[in-house]
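# Understanding the architecture of this molecule
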Amino acid sequence: MMDKAISARALRFRYQRGKNLALDGIDWEQGRGEAVALVGRSGAGKSSFLLCLNRIIPNFYPGDFSGELEIFAERLSGKRTYELAKKIGLVLQDFESQLFSTRAELDMAFGPENLGVSREEISRRIDESLAAVGMSAFRNRSPESLSGGEKQRLAIASALALAPEILLFDEACTDLDPLGREQVRAVVRSLKAQGKTIILVDHEPEGLAPADRIVILSRGKIAAEASRGQMLYDHSLLQSNGIRPPEMAELFSALKLSPIELDPLKAAVLCRQKGFAPAREAVSQIEKSDEEREQNRGKVLIQVSGLEHSYPGGIQALSGIDLEVREGDFLAIIGQNGSGKTTLVKHLNGLLGATRGAVIFQGKEIVPSMLSKLGRQIGFVFQNPDHQIFSSRVADEVAFGPRNYGFTAADTKNRIKEALDLVGLAGRDNENPFLLTKGERQRLAIASVISPDPQVLILDEPSTGLDYNEQLKVMDMLAELNRRGRTIIIITHTLWLLARYAKRAAVMAGGRKILEGSVRQVLSRPEILKQASLIPPEITRFGLEMGFPFLTMEEAARALGAGR
Amino acid sequence: MSEFLFIERESFFRRLHPSGKIISLVLVFVAALLLDDPCYMLGLWLIVLPAGYFSAGFRLLARLWFLFSAICLASFMLWAVFTRAGNPLFALGPLRLTEQGVLFAAGSALRLGLMLFCGLIFIASTPIENLFYGLTGLGLPFPVSFALSLSFRLVPIFSQSASTILQAQRARGLITSANPVRKFQSYFPLFVPVFLSALRKVDQLSVALEARGFGSGIKRTSWIQFRFSRRDWLLLVFCLLLDAGCIWLRFHGLGTVKF
């Protein structure tokens, strides 16, 4: 039995003025050097548990706290947070808020300085920590000049500079693009290999890879726990707790194949060995339906030609973009952070003006002065719903747009009802938006943009920060809007969502559009996607090995099941 | 400071000891406060202006020129309108301008501008870490100097949030009126999200600080070190002489507008 690193008994916590217990009798044992993934739906208590470990709860967030916590057999009762800073490093989701210095090395020095560490020792720790996250060449860089993944690695290095034995990662990959996620996950794997004790919170199955064990929290209680190997195969348990089950595990279950192989390339070899191959008939049916969809695209709605944009200071964010959005399209714009995705879509409703080139909507060139009026026809949902919600009633929030556009009281009422029905918030008109969950706030933000009934809906990363079930709810709702004839444009980093819901995709890299086509065409070009630091979803990689790029597990199961 | 305010560029002012720089800034403020005659203020401007070149002050001023000019102009108009004493120059209904009032207003606007300009030189050439090193060096408790320094870091974060929030509301049909009352009303939808977003940011920042041992009460070490060098002494002596000169002018009844 390894040494105990973390031990909790009957841990309970209720936030001041909180209705329910955030933690409701947690018992926890974790050995030194063990990595545990803590998962669960939004609001399950994951972050609260992490914050208890360094006593930010209850020292910083007061409330009713009870139970026993021990770190390396030392009781934490009465300890101050700073006393634990040298034992426990915390990395948060919002990397912007964790970095406050003007140079990477100064950010790392901050923690040890607070604990009175000598200058020589701080220098040594800076060198070691930067090397541990692969950022030795970045020591003099300003954090603001780094990409999301680099910032998060710097935040990890800053935590490591305190020389902690335990590291807590609270959704450290959520806001990152696929490349950034992979960079951070590689660091976590290497820290695990160095023997650090780790707790990581992540919604994506790929993020759970370094974990020896997975613990599921639900409403502040431990709902289940098992080794990673066992847990990843129980997809219904994962799904019901907000985790996306690995596509390969789902496929192997559907094909009644065992043992399950999670690696898509190895899985393809195994499937071939067992005699599976995509059925010709099923494949041609899929191809025919793809072709019909392409041929039945509506008329051109938005035409982008030769679009260029330079920000003040001469930073060229877009160059030579040509893009056609047709009526009824469900277009996904993908690419790594800083590739120009948001800058591009901000031109489609007048949030930004072109430096060169033009964006034409229904025969008229879109210019920034049209922004307020254009919202009636082209709705724009920002990434963070909290950037737009301001009312104290759900209904008032949804009514804001229709009222601005001069709808009558009766029409406004109808629009509120229709929008709330569509986003699954029917009957919650009088609730306070700020008391809704993040997923509900995201859906409310969408309702408040679709309430004037725009023809086109643009959404900037609508699934970021949501658990699996909330992501599905939001995307199902967009699919429904698309079925009702609305044109949808989304920016996303989540390629399995794109594969499952979008019809077309455009890939951005370095301010240029490097690929465009149907989702299947785009995802079939991993070599081009790689230039944008993107990797096709597992099921598509598996499909490419099998001879046909599947987009969903259901598609693959049908084609392979029929082809055996 | 964030990159928005601090400009990473090697310069004379960038290399100065932060505590010395703070004292020098205060001494220039004292000199500016001793005078109000616009001709003398212009003299002070001529003395201080080269500092803009030896720092990144001009570059920051170029970024903030609109705000800078608006503040100076507002100061001039307020002083010109509300200073009633002196020889009448112009009257229209309740509006009355006097010769001395206009001179005093010009001097006050130049003084405010000068102080802002020196402030810009300071913040453009002082990273946040140097600022709190300087403030703690002058005896301010670390949490206070850190909070003061951090407030500069938060300025661009909040302004960026506010700009996104404004865009989000305009995209939903918010039209900002030219009428000041209506304009204020139309900005209401911005206040709540701006305030909440600021609270969330500060909350996250506080958690990150706590987790890194902030406020431990342990005697803090500083990884960066500065030595008071000859150029620091030279600047201090220069500023002291400037103050002495202004005091001498005041003793001889010069440098202020006579009513």
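Residues numbered from 1 in each chain as written. Chains lettered and ligands numbered in written order. Predicted model: local features only at pLDDT ≥ 70, side-chain atom pairs only at ≥ 80, totals over all residues.

Another point: the overall build of chain B. The helix and strand tally for chain B stands at 9 helices and 2 strands. N-terminal to C-terminal, the α/β element order of chain B is α-α-α-β-β-α-α-α-α-α-α. Referenced to the eigenvectors of the C-alpha coordinate spread, the extents of chain B come out at roughly 65 × 60 × 30 Å. Counting only residues that meet the buried cut, chain B has 38% of its 259 residues in that class. In chain B, of all internal contacts separated by at least 6 residues, the share reaching a separation of at least 24 is 76%. (Helix = DSSP H or I, 4+ residues; strand = E, 2+ residues; numbered from the N terminus. Buried ≥ 20, exposed ≤ 12 C-beta atoms within 10 Å, placed from the backbone. Contact = placed C-beta atoms within 7 Å.)

Glancing now at the overall build of chain A. Of regular secondary structure, chain A possesses 24 helices and 20 strands. Against the globule reference of 24 Å for 564 residues, chain A gives a C-alpha radius of gyration of 25 Å, in line with a compact fold. Viewed in the frame of its principal axes, chain A has a C-alpha envelope of about 70 × 60 × 50 Å. The proportion of buried residues among the 564 residues of chain A is 53%. Restricting the contact set of chain A to residue pairs at least 6 apart, pairs at least 24 apart contribute 68%. (Rg over C-alpha atoms; globule rule 2.2 N^0.38 Å.)

Residues and elements named next belong to chain A. Summarising the element assignment, methionine 108 is placed in helix α5 (residues 104–114). Measuring from C-alpha to C-alpha, the distance between methionine 108 and glutamine 183 comes to 19 Å, with 75 residues separating the pair along the chain. Apart from the residues within four sequence positions on either side, methionine 108 is in contact with Ile126, Ser129, Ala157, Ser158 and Ala161.

For interface size, the figure often reported is the accessible area lost on association. Per the domain assignment, the segments making up chain A are domain 1 (1–87 + 165–245), domain 2 (93–163) and domain 3 (292–302 + 327–353 + 366–550). Between domain 2 of chain A and domain 3 of chain A, the C-alpha centre-to-centre distance is 36 Å. (Domains from an automatic or database assignment.)

Residues and elements named next belong to chain A. One way to put it is that α5 packs onto helix α7 (residues 148–160) with a least axis distance of 7 Å and a crossing angle of 35°. Like other packed secondary-structure pairs, α5 and α7 cross with a definite hand, here right-handed. Each of Ala104, Asp107, Met108, Phe110 and Gly111 in α5 lies in contact with α7, whose residues at this interface are Leu154, Ala157 and Ser158. By residue class, the composition of the contact of α5 with α7 is 5 nonpolar, 2 polar and 1 charged. (Axes fitted to C-alpha atoms, helices over the stretch in contact; angles between N-to-C directions. Left-handed = near helix turned anticlockwise from the far one by under 90°. Nonpolar A, V, L, I, M, F, W, Y, C, P; charged D, E, K, R; others polar.)

To continue, consider the domain arrangement of chain B. All names here are of chain B. Structurally, chain B comprises domain 1 (1–140 + 227–259) and domain 2 (142–219). Just the C-alpha atoms count here: the centres of domain 1 and domain 2 sit 28 Å apart. If you look at the interface, domain 1 gives 11 residues, while domain 2 gives 10 residues. Of all the elements, helix α5 (residues 128–137) adds the most residues to the side of domain 1 that touches domain 2, at 5 residues.

Topologically, A:Arg293 is positioned in helix α13 (residues 280–295). Taking the C-alpha atoms as reference points, A:Arg293 and A:Ser136, 157 residues apart in sequence, are found 50 Å from one another.

All names here are of chain A. For the peptide bond that leads from isoleucine 57 to proline 58, omega is 5°, which places it in the cis range. For proline 58, the location among the structural elements is in helix α2 (residues 56–59). Going from serine 258 to proline 259, the amide bond is cis rather than trans, its omega being -5°. Residue placement: proline 259 occurs in the loop between α11 (247–254) and α12 (264–273). The backbone of alanine 163 shows a phi angle near 55°, a positive value even though the residue is not glycine. One can find alanine 163 in the loop between α7 and β7 (166–170).

Below, the discussion takes up the interface of chain A and chain B. Across the boundary between the two partners, chain A contributes 49 residues, which contact 46 residues of chain B. Residue assignment for the side of chain A that touches chain B shows that the elements contributing at least two residues are α3 (81–85), α4 (95–98), α5, α6 (119–132), α15 (371–374), α16 (394–404) and α18 (438–450) of chain A. The biggest single contributor to the side of chain A that touches chain B is α5(A), with 6 residues. Split into classes, the residues belonging to the side of chain A that touches chain B amount to 23 nonpolar, 20 polar and 6 charged.

Residue and element names in this part refer to chain A. As for its position among the elements, proline 205 is in the loop between β8 (197–201) and β9 (213–218). For proline 205, a count of 25 C-beta atoms within 10 Å translates into the label buried. When the C-alpha positions of proline 205 and proline 245 are compared, they lie 6.6 Å apart, and in sequence the two are 40 residues distant. Excluding its chain neighbours within four sequence positions, the residues that come into contact with proline 205 are Leu232, Ile243, Arg244, Pro245 and Pro246.

Formed by 186 residues in total, the largest nonpolar core has its most connected members in A:Leu168, A:Ile333, A:Ile489 and A:Leu498. Discounting residues that sit within four places of it in the chain, A:Leu168 has contacts with A:Leu50, A:Leu53, A:Ile88, A:Gly89, A:Leu90, A:Val91 and A:Ile199. B:Leu44, B:Ala51, B:Trp79 and B:Cys118 belong to the second-largest nonpolar core, a separate cluster that totals 39 residues. (Core = buried A, V, L, I, M, F, W, Y, C linked by C-beta atoms within 7 Å.)

All names here are of chain A. Strand order in this open sheet of 6 strands is β16-β17-β18-β13-β19-β20, and the pairing throughout is mixed. At either end of the open sheet lies a strand with only one pairing partner, and these are β16 (378–381) and β20 (512–518). The sheet shows a mean angle of 15° between the axes of neighbouring strands, taken without regard to direction. Two elements, strand β13 (residues 330–334) and strand β19 (residues 504–509), share 4 bridges in a ladder whose sense is parallel. Considered in β19, the bridge of alanine 332 is made with alanine 505. Contacts from α18 reach β16 and β17 (456–460), with the element oriented near 160° to β16. (Pairing = 2+ DSSP bridges.)

In the predicted model, chain B carries a mean pLDDT of 88, and the fraction of residues at 70 or more is 97%. Scoring the predicted complex yields pTM 0.81 and, for the interface, ipTM 0.79. (pLDDT = per-residue confidence, 0-100.)

What follows covers helix α2 (residues 38–53) of chain B. All names here are of chain B. With 16 residues, α2 ought to run about 22 Å at 1.5 Å a step, and its terminal C-alpha atoms sit 23 Å apart, in line with that. The sharpest bend along α2 reaches about 30° and sits at isoleucine 47, with the proline proline 50 one to four residues further on. Residues Pro38, Tyr40, Met41, Leu44 and Ala51 constitute the buried set of α2. In this structure, the buried side of α2 is in contact with α1 (18–34), α3 (57–82), α4 (99–124) and α9 (230–251). (Expected span 1.5 Å × (residues − 1). Bend = angle between axes of the 7 residues up to and from the residue.)

Residues and elements named next belong to chain A. Here α11 lies mainly inside the structure; 6 of its 8 residues are buried. All buried positions along α11 are accounted for by Glu247, Met248, Ala249, Glu250, Leu251 and Phe252. In the segment just after α11, lysine 256 is the residue with positive phi, at about 55°.

Quick look at the sheet that holds strand β10 (residues 221–227) of chain A now. Residue and element names in this part refer to chain A. With mixed pairing, the 6 strands of this open sheet are ordered in space as β6-β7-β8-β3-β9-β10. What marks the edges here is a single partner per strand, and that holds for β6 (88–91) and β10. Pairs of neighbouring strands in the sheet enclose a mean axial angle of 15°, with direction left out of account. Contacts between α7 and the sheet are confined to β6 and β7, with β6 contributing the most and set at about 165° to the helix. Helix α8 (residues 178–193) rests against β3 (35–39), β7 and β8 of the sheet, and its axis sits at about 155° to β8.

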